[in-house]
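Coordinate analysis (summary)
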Amino acid sequence: MTSPSDSPSGTGTAPQHGTEPQDASRGGGLAALANAGWQLLLTTGLAAIALGVVVLAWPAETLRVVGVLFGIYLLVTGVFQLAAAFGTHVPGHLRALHFLTGALSVLLGLICFRGTLQSILLLALWIGFSWLLRGTMMTVTAASAPDTPARGWMLFTGIIGMLAGIVLIVSPFASIGALTLTAGIMAIVLGVIEVFHAIKMRIEVGRLAPGTAAERRPLFRSQPHPQH
């Protein structure tokens, strides 16, 4: 009695040949994904470099645009807060808080549209109080919990956040200007890093393409029939 693997039809070796198209399609899918990845990384890197150059070249205009966007953000946030205050899913004791925060956000947003100085001042104070509150919470948490992981780093970060928030609150205009220049420099540095990684990825894609082609080549060779 002959086993199925000994039959002339060669059904025993069929699974081995069937894996070759799957491997080839898998390699082609990885190459296509890597190709799209380096193009996206290159685009974001060039966009970051362009943004950093614009910020460094025109810091005042950049702050004006950021102030307008901040005012729009406050208006949209305030409208949603006011709408949430009248929602049925909000408990009664929280409706007053939603209403007050929404009305305050709308008022601050309207103030941002009165002029550049008002929007920059509010933006600096907003960032300063946020950093101060976050730094205070991190410092208190690290000081009150000796068993906290990375307690020293958390304490250091919290103190730096508190100091940065205080500086922004005390001198908002000078601090927000320095913060803008820092953001422009960081955007250029990050953009250059992303472009460098995109170029390296493009080189790796070029090395991957011949490998996938070599794996597909045996599929087109004529195989001798088992009967011959």
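Our structure's up above, just so we're on the same page.
Since this is a predicted model, take the numbers as computed values, not measurements. (Residues numbered from 1 in each chain as written. Predicted model: local features only at pLDDT ≥ 70, side-chain atom pairs only at ≥ 80, totals over all residues. Heavy atoms only, no water.)

**Quick notes on the packing of aromatic side chains**
Each aromatic ring pair is characterised by the separation of its centres together with the angle its planes make. Going through the model one piece at a time under the given rule, you end up with 4 aromatic pairs. Centre to centre, the rings of Phe70 and Trp126 are 5.5 Å apart; their planes meet at 75 degrees, and the pair counts as edge-to-face. On the criterion of sequence distance, the pair formed by Phe70 in helix α2 (residues 59-85) and Trp126 in helix α4 (residues 116-144) is long-range, its members being 56 residues apart. Centroid distance Trp153 to Phe156: 5.9 Å. Interplanar angle 35 degrees. Geometry classified as tilted. Of this pair, Trp153 and Phe156 both sit in helix α5 (residues 151-170), separated by 3 residues, roughly a single helical turn. Taken together, the aromatic side chains of Phe70, Tyr73 and Trp126 make up a single cluster linked through ring pairs. (Phe/Tyr/Trp six-rings, centres within 6.5 Å; stacked < 30°, edge-to-face > 60°. Helix = DSSP H or I, 4+ residues; strand = E, 2+ residues; numbered from the N terminus.)

**Details of α5**
Along an α-helix, residues three or four positions apart point the same way, because every turn accommodates 3.6 residues. Along its 20 residues, α5 runs 29 Å from first to last C-alpha, staying within 8% of the 28 Å computed at 1.5 Å per residue. Of all the positions in α5, only Gly158, Gly161, Gly165 and Leu168 are classed as buried. What you see down the axis of α5 is that its buried residues fit within an arc of 95 degrees, all on one side. Summarising the geometry of α5, the exposed residues directed more than 90 degrees from the buried face are Gly152 and Val170. (Expected span 1.5 Å × (residues − 1). Buried < 20%, exposed > 50% of the residue type's maximum accessible area, 1.4 Å probe, protein only. Arc of directions from axis to C-beta.)

**As for the environment of Gly165**
Among the structural elements, Gly165 can be located in helix α5. Owing to a relative accessible area of 0%, Gly165 belongs among the buried residues under this scheme. Counting along the chain gives 38 residues from Gly165 to Ile127, while the straight-line C-alpha distance between them is 7.2 Å. Every residue in contact with Gly165, bar those within four places of it in the chain, is listed here: Gly128, Trp131 and Leu132. (Contact = heavy atoms within 4.5 Å.)

**With respect to the layout of surface pockets**
Approximately 250 Å³ is the volume found for the largest pocket. Contributing to the lining of the largest pocket are 14 residues, with Val55, Thr62, Val66, Thr180 and Ala183 lying nearest its centre. At the level of elements, α1 (14-57), α2, α4 and α6 (172-216) are the ones that each hand at least two residues to the lining of the largest pocket. Looking at the lining of the largest pocket element by element, the count peaks at 5 residues for α6. (1 Å grid on protein atoms, 1.4 Å probe; cavity = no way out; pocket = protein on both sides within 12 Å on 5 of 7 lines; lining within 4 Å. Points joined across faces, edges and corners; volume = space filled by probe spheres on them.)

**A few points about the packing of α2 against α4**
The geometry of α2 relative to α4 is characterised by a closest axis approach of 9 Å and an angle of 70 degrees between their N-to-C directions. With respect to α4, the axis of α2 lies roughly perpendicular. Considering the relative orientation of α2 and α4, their crossing is left-handed. Across the interface between the two elements, Leu63, Arg64, Val66, Gly67, Phe70, Tyr73 and Leu74 from α2 touch Thr116, Ser119, Ile120, Leu122, Leu123 and Trp126 from α4. Among the residues making up the contact of α2 with α4, the classes are represented as 9 nonpolar, 3 polar and 1 charged. (Axes fitted to C-alpha atoms, helices over the stretch in contact; angles between N-to-C directions. Parallel < 35°, antiparallel > 145°, perpendicular 65-115°, else oblique. Left-handed = near helix turned anticlockwise from the far one by under 90°. Nonpolar A, V, L, I, M, F, W, Y, C, P; charged D, E, K, R; others polar.)

**Quick look at a nonpolar patch on the surface**
Taken together, the side chains of Val65, Val68, Leu69, Ile72, Val76, Phe80, Leu110 and Phe113 define a hydrophobic patch exposed on the protein surface, amounting to about 750 Å² of accessible area. At 6 residues, the largest contribution of residues to the nonpolar patch is made by α2. Within the secondary structure, Phe80 sits in helix α2. (Patch = residues over 30% accessible without salt bridge, like charges linked within 9 Å, V, L, I, M, F, W, Y side chains within 5 Å. Areas by Shrake-Rupley, 256 points an atom, 1.4 Å probe, with all protein chains shown as cover. Salt bridge = Lys/Arg side-chain N within 4 Å of Asp/Glu carboxyl O.)

**Some remarks on the packing of α4 against α5**
Running from N to C, α4 and α5 cross one another at 155 degrees; their axes reach a closest spacing of 7 Å. In terms of orientation, α4 lies roughly antiparallel with respect to α5. α4 and α5 meet at a crossing whose hand is left-handed. Its residues assigned to classes, the contact of α4 with α5 comprises 17 nonpolar, 9 polar and 1 charged.

**Quick notes on the nonpolar core**
Core analysis: the biggest nonpolar cluster contains 10 residues, these being Leu63, Phe70, Leu74, Leu108, Cys112, Ile120, Leu122, Leu123, Ala124 and Ile176. Looking at this core element by element, the count peaks at 4 residues for α4. (Core = buried A, V, L, I, M, F, W, Y, C linked by side-chain atoms within 4.5 Å.)

**Let's talk about the side chain of Thr180**
Its place among the elements puts Thr180 in helix α6. Residue Thr180 is classed as buried on the basis of its relative accessible area of 10%. A polar contact of 2.7 Å, which involves the side chain of Thr180, links it to the backbone oxygen of Ile176. Among residues more than four places away in sequence, those in contact with Thr180 are Val55, Pro59 and Leu63. (Polar contact = N/O pair within 3.5 Å; in protein donor to acceptor, adjacent residues only side chain to side chain.)

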